[in-house]
Amino acid sequence: MSWGTELWDQFDNLEKHTQWGIDVLEKYIKFVKERTEIELSYAKQLRNLSKKYQPKKNSKEEEEYRYTSTRAFLATLNEMNDYAGQHEVISENMTSLITGELTRYVQELKQERKSHFHDGRKAQQHIETCWKQLEASKRRFERDCKEADRAQQYFEKMDADINVTKADVEKARQQAQLRHQMAEDSKAEYSSTLQKFNSEQHDHYYTHVPNIFQKIQEMEERRIVRIGESMKTFAEVDRQVIPIIGKCLDEITKAAESIDHKNDSQLVIEAFKSGFEPPGDIDFEDYTQPMKRTVSESSLSNSRGDGKSEPKFGGKSKGKLWPFIKKNKLSLKLGAGPEDFSNLPPEQRRKKLQQKVDELNKDIQKEMDQRDALTKMKDVYIKNPQMGDAASVDHRLAELAQNIEKLRLEVQKFEGWLAEVEGRLPMRTEQARRQSGLYEAQNTSAVNSCAQDRESPDGSYTEEQSQETEMKVPATDFDDEFDDEEPLPTIGTCKALYTFEGQNEGTISVAEGEMLYVIEEDKGDGWTRIRRNEDEEGYVPTSYVEVYLDKNAKGAMTYI
């Protein structure tokens, strides 16, 4: 079985097959390399896992490792660390014994294959050159024979013609003899070239090609043997660490078997036993003899005690705000609103509108970039019609122009609302301002005794309202707890820039130009707490007032 004799005419297929063999070898190298990476990653994760659950030094966890169960767990962690080390050994051995060796071998194999097929192509080119020489010699011999025949026929014709001079006949005879001599020379050359070609062809197909193909066959067989040996090494590397891994597992089993529940129970006793005897029975003590309290005294003391906790009904709350106001505002902000964000307070509305304007301007810029690119493309098509049809981009340009116009109208609309909020345009009517800056006032509904179910200053609810009670209730002692608190000190003054109708619980109505006291500055949610007098205080949108904080107040700053 030899490729040189059996596959003498399959040069191209052998070239493809040997290349496929190298590809298979490289694929196996890649497989082993990925396996080593997995082993390293697994080992790293095992080490991190073991380190994560190791007891910290000088901590309470160290005391817990007195028990056999926790000591067994610590031994398991240590063994897992060694277990991870064996996977690192697998990765290292596979890298050095398989990946590194095969990578070098592939480079040598490629060079050897290149050399063999270079020799094969060289031999093929040589035999083709010999064939071309044979064909040229054959054609030359054929041409000279035809020329000799024509010269002989011409001579015979001249010799038979009585009108031709003797000199012309002699010249024709000499020409015929010359042509015959050239034909003989071409015949001899053709015969020699044919013999040489047959010899070269025999050597090519029975000596040179078999030798080259035999070397290629040996090279391919060595590759097959090498990949088989690498697969054996692949298994052997794993097998070498199995005893050590088994030892690690045996140690874990041994640690588990060392757990002694009786010993751990005894350690608990030693750790927490007080040494005292359990208390004995308690003797009965009779207090009926010395008791001499009267009913009137008991009643008097009870009435005094009850008087302190008597609930207050009626009375007006001093505008104390709900403790969950920020949560309520957040839930209100998350709700869907109109296109102009008129459901938001002015400052929040301004931010939303500015954000919308910026987004629209970015969209316009994108459309304009596309338009410019298409315009340049159209110019190129106009100058070079062979590159494309200029009319093919007109439809797209028209669409972009329409999109840009629509976006610009949107920008103008939102910039109008933004200018209105920022005061760049004439103020709208009081009714319109209330609709754009505030939420719609909600009807007063029943509230539960829980504070979470009550309405926030801006009109939202943190939880669903109770459907069982649909009636107004008087102020409870929960409100009185707020009344008993001392009123907040003023930290500055403010001037109302616009009229605000405080129709929701916790808010306060102000008139444009009115001066009031500031008792709590804006915490970042867009509301400021103000006071008109001792009984009237509440929240107003920060953007509706101009605040002047006292310099001596803690954390004072001026909003203008």
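What you are looking at is a predicted structure, and each value in this text was computed from that prediction instead of being measured. (Residues numbered from 1 in each chain as written. Predicted model: local features only at pLDDT ≥ 70, side-chain atom pairs only at ≥ 80, totals over all residues. Heavy atoms only, no water.)

Visitor: I'm lost on the overall build of the protein in this one. Help?
Guide: Within the protein one finds 12 helices and 5 strands. Going through the 560 residues of the protein one by one, you find that 32% of them count as buried. Put simply, of all contacts in the protein between residues at least 6 apart along the chain, 72% involve residues at least 24 apart. (Helix = DSSP H or I, 4+ residues; strand = E, 2+ residues; numbered from the N terminus. Buried < 20%, exposed > 50% of the residue type's maximum accessible area, 1.4 Å probe, protein only. Contact = heavy atoms within 4.5 Å.)

Visitor: How do you make sense of the confidence of the model for the protein when you look at a structure like this?
Guide: When pLDDT is low, close inspection of the predicted coordinates is not appropriate. In this model, the protein carries a mean pLDDT of 78, and residues with pLDDT of at least 70 account for 76%. Taking the mean pLDDT of every element in the protein, the minimum, 39, falls on helix 11 (residues 430-437) and the maximum, 94, on helix 2 (residues 11-52). Segment residues 292-335: pLDDT under 50, and 61 contacts once partners within four positions in sequence are set aside and those in other chains are kept. A low-confidence stretch, residues 424-484 (pLDDT under 50), is modelled with 125 contacts involving residues beyond four sequence positions or located in other chains. (pLDDT = per-residue confidence, 0-100.)

Visitor: It is not clear to me how helix 6 (residues 261-272) should be interpreted in this structure. Could you clarify?
Guide: For an α-helix, 3.6 residues make a turn, and residues three or four places apart therefore share a direction. The end-to-end C-alpha distance of helix 6, which contains 12 residues, comes to 17 Å, matching closely the 16 Å that a straight helix rising 1.5 Å per residue would cover. A distance of 3.1 Å separates the backbone nitrogen of Lys262 from a side-chain oxygen at the start of helix 6, and that oxygen is part of Asp260. (Expected span 1.5 Å × (residues − 1). Polar contact = N/O pair within 3.5 Å; in protein donor to acceptor, adjacent residues only side chain to side chain.)

Visitor: Can you walk me through helix 5 (residues 166-257) in this structure?
Guide: The terminal C-alpha atoms of helix 5, which comprises 92 residues, lie 133 Å apart, in line with the 136 Å expected from a rise of 1.5 Å per residue. A maximum bend of about 45° is found in helix 5 at His204. (Bend = angle between axes of the 7 residues up to and from the residue.)

Visitor: What exactly am I supposed to notice about the sheet that holds strand 2 (residues 515-520) here?
Guide: The pairing of strands in a sheet comes from backbone hydrogen bonds and takes either a parallel or an antiparallel form. One open sheet accounts for 5 strands, arranged 4-3-2-1-5; its pairing is antiparallel. Looking at the sheet topology across the chains shown, the edges are occupied by strand 4 (536-541) and strand 5 (545-549). Here the strands of the sheet are splayed against their neighbours by 40° on average, with no regard to which way each runs. Both strand 1 (residues 492-496) and strand 5 contribute to a ladder of 5 bridges, which runs antiparallel. Paired with Gly492 across the strands is Leu549, a residue of strand 5. (Pairing = 2+ DSSP bridges. Axes fitted to C-alpha atoms, helices over the stretch in contact; angles between N-to-C directions.)

Visitor: Explain the nonpolar core here, please?
Guide: Nonpolar side chains in soluble globular proteins tend to be buried together. Leu25, Tyr28, Met94, Ile98, Phe213 and Ile216 are the most contacted members of the largest nonpolar core, which has 31 residues in total. Broken down by secondary-structure element, the contributors of at least two residues to this core are helix 2, helix 4 (68-160) and helix 5. The contacts of Ile216, once residues within four sequence positions are left out, are Trp3, Thr18, His116 and Phe117. (Core = buried A, V, L, I, M, F, W, Y, C linked by side-chain atoms within 4.5 Å.)

Visitor: I'm lost on the side chain of Glu546 in this one. Help?
Guide: Looking at the element boundaries, Glu546 is found in strand 5. For the buried residue Glu546, which engages in no salt bridge, the nearest side chain bearing the opposite charge is Lys495, 5.8 Å off. Among the polar contacts made by the side chain of Glu546, one reaches the side chain of Tyr548 at a distance of 3.1 Å. (Lys, Arg positive; Asp, Glu negative; His and termini not counted. Salt bridge = Lys/Arg side-chain N within 4 Å of Asp/Glu carboxyl O.)

Visitor: Would you take a moment to explain the pairing of strand 3 (residues 527-533) for this structure?
Guide: Looking along a regular strand, one sees side chains alternate from face to face of the sheet. Counting buried positions over the 7 residues of strand 3 gives 5, a clear majority of the element. Where strand 2 meets strand 3, 3 bridges bridge the pair, whose relative direction is antiparallel. Its bridge partner being in strand 3, Tyr517 is matched across the sheet by Arg531. With antiparallel pairing between neighbouring strands as the criterion, strand 2 and strand 3 make up a hairpin whose turn holds 6 residues, including Gly524 at a positive phi of roughly 105°. The loop that links strand 3 with its antiparallel partner strand 4 comprises 2 residues.

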